Amino acid sequence: MSGFNKVVKTYDEALSGLKDNMFLMVGGFGLCGIPENLIQKVHDLGVKGLTIASNNAGVDGFGLGILLEKKQVKKMYSSYVGENALFEKQVLSGELELELTPQGTLAEKIRAAGAGIPGFFTATGYGTQVAEGKDVKMFNGRPYILEPAFPKADFALVKAWKADKYGNLIFRKTAANFNPMIATAGKITVAEVEEIVEPGELDPNFIHVPGIYVDRLIVGKFEKRIEQRTIKK
């Protein structure tokens, strides 16, 4: 990188420094807005023992699913994992550790990590297994459980629609779920995008993540696979 220019030319540069046993946050909602080429590069590098926070775990043969195939993931923090048979098999066999987290709580644990907030109280999960072993306090007559924020991720991997060379990011539609908050929560944040423009070309009123949070930026080509294709009869 040169000065404020965050653009790198290769995926080797984008993931330089990635090692075994690191903590990753990976953006996307289902298969929408996943950094699919960065995930593929993690797969190709063969790093193992990874802990990953991501709303989903991909599907068999795509997204984070390909990391499960090579048994590169040690633990997942996720909200919805129902689309991946291999994920289910590895969890039930004890090969993969899973901390199922309510979706809003997962989002806030990520956001808090980016904001430097160590924890927060939420009513979600009180009276369930989610609350076991956690501090409980009453607010306005209602019980809340203390949820710790995630630590900063060693790498935060996100996918955006458009960026300028300074790393300012714009997301489209459902891809704006989880990607923006994950982009703020990495020690090293890598964004792959569909298009990079010159500084000043993006309307500042529509920038979702300021470039100050982004360390590396790369243009990718995306398959944009549909998770469950539903068509009109």
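Residues numbered from 1 in each chain as written. Predicted model: local features only at pLDDT ≥ 70, side-chain atom pairs only at ≥ 80, totals over all residues. Heavy atoms only, no water.

### What about the packing of aromatic side chains?
Line of reasoning, step 1. Here the structure, examined in full by the defined rule, presents 7 aromatic pairs.
Line of reasoning, step 2. Relative to Phe178, the ring of Phe29 has its centre 6.4 Å away and its plane inclined at 20 degrees; by these criteria the two rings are stacked. Here the residue Phe29 occupies a position in the loop between strand E1 (23-26) and helix H2 (36-45), and Phe178 occupies one in the loop between strand E9 (169-170) and helix H6 (179-183), the gap between them amounting to 149 residues.
Line of reasoning, step 3. On the basis of relative accessibility, which here comes to 28%, the residue Phe29 falls in the partly exposed class.
Line of reasoning, step 4. A relative accessible area of 5% means that Phe178 is categorised as buried.
Line of reasoning, step 5. Grouped by ring-pair contacts, the aromatic residues Phe23, Tyr77 and Phe150 constitute a single cluster.
Line of reasoning, step 6. Arg172 extends its terminal NZ or CZ atom over the ring of Trp161, reaching a point 5.6 Å from the ring centre.
Line of reasoning, step 7. Between Arg225 and the ring centre of Phe62, over which it is positioned, the NZ or CZ distance is 4.1 Å. (Phe/Tyr/Trp six-rings, centres within 6.5 Å; stacked < 30°, edge-to-face > 60°. Helix = DSSP H or I, 4+ residues; strand = E, 2+ residues; numbered from the N terminus. Buried < 20%, exposed > 50% of the residue type's maximum accessible area, 1.4 Å probe, protein only. Lys NZ or Arg CZ within 6 Å of the ring centre and 35° of its normal.)

### Section: the side chain of Thr122
Line of reasoning, step 1. Within the element layout of this structure, Thr122 appears in strand E5 (residues 119-122).
Line of reasoning, step 2. Engagement of the side chain of Thr122 in a polar contact is seen with the backbone nitrogen of Thr124, the distance being 3.1 Å.
Line of reasoning, step 3. Beyond its immediate chain neighbours, meaning those up to four positions away, Thr122 contacts Thr105, Tyr144, Ile145 and Glu147. (Polar contact = N/O pair within 3.5 Å; in protein donor to acceptor, adjacent residues only side chain to side chain. Contact = heavy atoms within 4.5 Å.)

### Here's the deal with the pairing of E1
Residues in a regular strand point their side chains to alternate faces of the sheet.
Line of reasoning, step 1. Every second residue of E1 is oriented toward a common face, with Phe23 and Met25 on one face and Leu24 and Val26 on the other, all of them buried.
Line of reasoning, step 2. Here E1 pairs with strand E2 (residues 50-53) via 3 bridges, running parallel. Looking at the pairing, Leu24 lines up with Ile52 of E2.
Line of reasoning, step 3. Chirality of the crossover, the property in question, places the unit of E1, H2 and E2 among those that are right-handed. (Pairing = 2+ DSSP bridges. Right-handed = clockwise from strand over helix to strand, strands pointing away.)

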